[in-house]
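Coordinate inspection notes
As a plain string of letters, each chain reads:
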Amino acid sequence: PENRTFHFEREHLDFDTKQYILYPDNCKTEEEKNDKSHFVYVCTKGANAEGALQNWDKIREQLEKESKEELQLAYSDESDQENQVPEER
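Thresholds, definitions, all that
Residues numbered from 1 in each chain as written. Predicted model: local features only at pLDDT ≥ 70, side-chain atom pairs only at ≥ 80, totals over all residues. Heavy atoms only, no water. Salt bridge = Lys/Arg side-chain N within 4 Å of Asp/Glu carboxyl O. Buried < 20%, exposed > 50% of the residue type's maximum accessible area, 1.4 Å probe, protein only. pLDDT = per-residue confidence, 0-100. Helix = DSSP H or I, 4+ residues; strand = E, 2+ residues; numbered from the N terminus. Polar contact = N/O pair within 3.5 Å; in protein donor to acceptor, adjacent residues only side chain to side chain. Contact = heavy atoms within 4.5 Å. Phe/Tyr/Trp six-rings, centres within 6.5 Å; stacked < 30°, edge-to-face > 60°. Lys NZ or Arg CZ within 6 Å of the ring centre and 35° of its normal.

Quick notes on the pattern of salt bridges
According to the stated counting rule, one finds six salt bridges in the structure shown. The partner of Lys-45 in a salt bridge is Glu-50, with the nearest N and O atoms 3.1 Å apart. The exposure class of Lys-45 is exposed, given its relative accessible area of 59%. Connected through salt bridges with shared partners, the residues Asp-57, Arg-60 and Glu-64 form a single ionic network.

See below:
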């Protein structure tokens, strides 16, 4: 899906990317077809691949920051759930 393609578009990369969708042959409905489909990404090295690599230090810092933020969010969500009082029924 489109929400994955940003991984191939970061500043330290230069790919020409093609996306293919593989659908199972035995699907009976469109919903089943969409649920069971698989995505294939074919990347080839772009013309500016060597130049894009010069951005790696900046991108690495950004990736580390995003990772720390995601961990903090995950742990804060767990902490919030542990501290919640169960609802009475």
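Section: the confidence of the model for the protein chain
Any residue range with low pLDDT should be treated as having predicted coordinates unsuitable for detailed reading. Mean pLDDT over the protein chain stands at 84; residues scoring 70 or higher make up 85%. Across the protein chain, the secondary-structure element scoring lowest on mean pLDDT is helix α2 (residues 49-52), at 82, and the one scoring highest is strand β2 (residues 38-45), at 93.

Let's talk about the side chain of Ser-37
Relative to the elements of secondary structure, Ser-37 occurs in the loop between α1 (30-35) and β2. A polar atom in the side chain of Ser-37 sits 3.1 Å from the backbone oxygen of Asn-34. In contact with Ser-37, not counting residues within four places along its chain, are Ile-21, Leu-22, Tyr-23 and Pro-24.

Topic: the packing of aromatic side chains
Across all of its chains, the model carries one aromatic pair by this definition. Taking the centre distance of 5.1 Å and the plane angle of 45° together, the rings of Phe-8 and Tyr-41 count as tilted. Of the two residues, Phe-8 sits in the segment before β1 (15-22) while Tyr-41 sits in strand β2, which places them 33 residues apart along the sequence. Exposure remark for Phe-8: the relative accessible area of 23% places this residue in the partly exposed category. Here the basic side chain of Lys-33 rests over the ring of Tyr-23, its NZ or CZ set 4.5 Å away from the ring centre.

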